[in-house]
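Remarks on the overall topology
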Amino acid sequence: MPSKARALFELTRLHWFPVGCDFMFWPFGWAFLSAAYRLSLPVNEVVKTTLFFALLGTLVHSAGCVINDMIDRDLDRKVERSQGRPIASGVVTRAEASVLLVVLVAALFYLFSTCGIKAFTLGVVALPVCITTYPLMKRWMNWPSLFLGFASSWAVPGTWVATTDHYDWGIILNLAIASCCWNCIYDSIYACQDERDDKKAGVKSMAVHLGKAIRPVLTIFDTIFFACLLWAGYLNDQHVPFYIMGVLAPFLLCLWHIWSFDQNDPKDCWKKFTAGRHGGAMVCVGLIVDHHFKLSSSDG
């Protein structure tokens with residue numbers, strides 16, 4: 001691959017796939033699979049639509065990374081881990097990145113347009129606001145990871161209404177809060193990689209702000225994740241497979257990650273961050289298995 005094309009590819013973070021993209025997929029995936037269970041959708045439709053939302057989540061993540069690197073060019077040059085990023089290193093110009101961003105956003109709007117007018121309207125309003133404001137939060141607030149969790153969770157109502165054509169706010173809000181907490185936890189662990197450089201560069205993060213208190217705070221977020229997912233399952237009439245595989249298992253895995261990661265070792269922070277995908281996948285597996293049993297019982 002030519003160096004320029006490779007640099008543009010790296011700008012989207014697709015060379016890390018599925019790392020990063022998976023965290024953007026969870027709000028889409030959890031909301032869709034919950035709605036699919038509620039509607040008892042057939043397996044072929046579940047598979048097809050899950051792949052659609054996986055593509056959507058991947059493109060949202062890539063667009064967000066392009067915007068992040070455009071805005072953070074000067075900050076990235078002050079942080080060792082991000083100095084080699086395409087824009088910070090000068091391999092890709094902001095003009096070239098802007099063209100790539102236009103292509104990604106055009107693809108996203110096309111995909112949103114296939115989801116119905118309610119979901120399209122929500123996507124058009126929420127997407128630009130969420131993916132453009134997160135990079136600025138690292139300058140303005142000490143809890144940017146929490147804002148990232150909020151920004152990614154806009155996918156929950158859009159996905160739910162695209163699937164069911166109505167808003168069930170009890171389920172939507174609980175899934176959105178659970179998703180917000182999950183992404184906040186793992187983005188905070190991710191931010192611990194750069195804690196030392198962020199302090200020098202004046203970048204705000206939960207890792208810098210909380211210091212050694214980060215573990216008990218993240219434990220609170222994990223507990224909220226557990227409670228909200230539990231309540232969403234109750235409202236959605238889920239059964240035992242979901243509660244064991246999709247709620248309890250990821251809660252315990254996340255708890256272990258929180259209390260076992262080495263805050264002063266960037267490699268271990270990265271390892272625990274990437275391992276977060278296993279917990280996110282557990283929620284999906286719990287929903288899928290519960291869906292299977294529901295369809296089997298109705299066929300019987």
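Not measured: the values here are computed from a predicted model. (Residues numbered from 1 in each chain as written. Predicted model: local features only at pLDDT ≥ 70, side-chain atom pairs only at ≥ 80, totals over all residues. Heavy atoms only, no water.)

1. Thoughts on the packing of helix α6 (residues 117-140) against helix α7 (residues 144-152)
The line we're drawing: Note on method: axes are straight lines fitted to C-alpha atoms, helices fitted across the in-contact stretch only, with angles between N-to-C directions ranging 0 to 180 degrees. For helices the rule is a DSSP run of H or I covering at least 4 residues; for strands it is a run of E covering at least 2, with both sets numbered from the N terminus onward. Reported orientations rely on four angle classes, namely roughly parallel under 35 degrees, roughly antiparallel over 145, roughly perpendicular from 65 to 115, and oblique for the rest. Throughout, a residue-residue contact means that at least one pair of heavy atoms, one from each residue, lies within 4.5 Å.
For the pair α6 and α7, the least separation of the axes is 9 Å and the interaxial angle reads 175 degrees. On the basis of the axis angle, α6 is roughly antiparallel to α7. Contacts between α6 and α7 involve C130, T133, Y134, M137 and K138 from the first element and P144, F147, L148 and A151 from the second.

2. Observations concerning the packing of aromatic side chains
We count it as follows: Each Phe, Tyr or Trp ring, with Trp reduced to its six-membered ring, pairs with another whose centre is within 6.5 Å; inter-plane angles below 30 degrees give stacked pairs, above 60 give edge-to-face pairs, and intermediate values give tilted ones. Over a ring means this: the NZ of a Lys or the CZ of an Arg is within 6 Å of the ring centre and within 35 degrees of the ring normal.
The final tally for this structure, using the stated rule, is 22 aromatic pairs. The cationic tip of R13 hangs over the ring face of W16; the distance from NZ or CZ to the ring centre is 5.9 Å. Sitting over the ring of F261, R215 keeps its end group 4.6 Å from the ring centre.

3. Focus on the side chain of N183
The residue N183 is located in helix α9 (residues 169-191) in this model. Leaving out residues up to four positions away in the same chain, N183 has contacts with F23, P27, G149 and S152.

4. A look at the pattern of salt bridges
For clarity, the cut-off: Salt-bridge detection follows one rule: a side-chain nitrogen of Lys or Arg within 4 Å of a carboxyl oxygen of Asp or Glu. Each residue's exposure class comes from its accessible area (1.4 Å probe, protein chains only) as a fraction of the maximum for that residue type: buried when under 20%, exposed when over 50%, partly exposed otherwise.
Summed over all chains, the structure comprises twelve salt bridges. For D74, the salt bridge goes to R77, with nearest N and O atoms at 3.7 Å. Residue classification places D74 among the partly exposed residues on the basis of a relative accessible area of 43%. Across the pair D268 and K272 runs a salt bridge whose closest N-O atoms are separated by 3.0 Å. Highlighted residues: D268 and K272, both in helix α14 (residues 266-299), separated by four residues, approximately one helical turn. Salt bridges linked by common partners bring R13, D69 and R85 together as one network.

5. Digging into the layout of surface pockets
As a reminder, the rule being used: Put plainly, a pocket is an open set of points on a 1 Å grid over the protein atoms alone with protein on both sides within 12 Å along at least five of seven lines, a cavity is a set where a 1.4 Å probe fits but cannot get out, and a lining residue has an atom within 4 Å of a point. Grid points are joined across faces, edges and corners, and a volume is the space filled by probe spheres set on the points.
In this structure, the largest pocket occupies an estimated 380 Å³ of space. Residue lining of the largest pocket: 15 residues in total, with C192, Q193, E195, R196 and P266 positioned closest to the centre. Here the element with the most residues in the lining of the largest pocket is helix α10 (residues 195-201); it accounts for four residues.

6. With respect to the packing of α9 against helix α13 (residues 240-260)
The condition that has to hold: It is the rotation of the near helix from the far one that decides the hand of a crossing: anticlockwise by less than a right angle makes it left-handed, clockwise makes it right-handed. Under this grouping Gly is polar, as are all residues other than the nonpolar Ala, Val, Leu, Ile, Met, Phe, Trp, Tyr, Cys and Pro and the charged Asp, Glu, Lys and Arg.
Packing of α9 against α13 brings their axes to within 11 Å, and their N-to-C directions diverge by 25 degrees. By the angle between their directions, the pair α9 and α13 is classed as roughly parallel. Seen from above, α9 lies across α13 with left-handed handedness. On the side of α9, the interface is formed by W182, I185 and Y186, while α13 contributes P250, C254, H257 and I258. For the contact of α9 with α13, the class distribution of residues is six nonpolar, one polar and no charged.

7. Brief notes about the side chain of Q193
Positionally, Q193 belongs in the loop between α9 and α10. The class of Q193 is buried, set by a relative accessible area of 13%. Not counting residues within four places of it along the chain, the set of residues in contact with Q193 comprises R81, P266, C269 and W270.

8. Some points on the environment of I288
Here I288 is to be found in helix α14. In this structure the C-alpha to C-alpha distance between I288 and P241, which are 47 residues apart in sequence, comes to 9.2 Å.

9. Quick look at empty space enclosed by the protein
Within the structure shown, the criterion is met by three cavities of 30 Å³ or more. There is about 850 Å³ of room inside the largest cavity. Around the largest cavity, the lining is made up of 39 residues, and of these N68, Y134, L148, D187 and Y190 lie nearest the centre. Listed by contribution, the elements that provide at least two residues to the lining of the largest cavity are α2 (21-39), α3 (43-71), α4 (73-76), α6, α7 and α9. Of the residues contributing to the lining of the largest cavity, the split by class is 20 nonpolar, nine polar and ten charged. Space inside the second largest cavity adds up to approximately 50 Å³. In terms of lining residues, the second largest cavity is bounded by F28, F53, L56, F112, C115, A119, W154, A155, G158, T159 and A162. If you tally residues by element for the lining of the second largest cavity, the top one is helix α8 (residues 155-164), at four residues. For the lining of the second largest cavity, the class distribution of residues is nine nonpolar, two polar and no charged.

10. Concerning a nonpolar patch on the surface
We count it as follows: Residues qualify for a patch when their relative accessible area is over 30% and they have no salt bridge, like charges being joined within 9 Å and the nonpolar side chains of Val, Leu, Ile, Met, Phe, Trp and Tyr within 5 Å. Reported accessibility uses the Shrake-Rupley method at a 1.4 Å probe radius. Residues are deemed covered only where the shown protein chains occlude them.
Taken together, Y167, W169, L173, I177, I220 and I224 make up a surface patch of nonpolar side chains, about 550 Å² in accessible area. Contributing elements (two or more residues each) for the nonpolar patch: α9 and α12 (214-235). Take the nonpolar patch: its biggest share by element is three residues, from α9. Its place among the elements puts L173 in helix α9.

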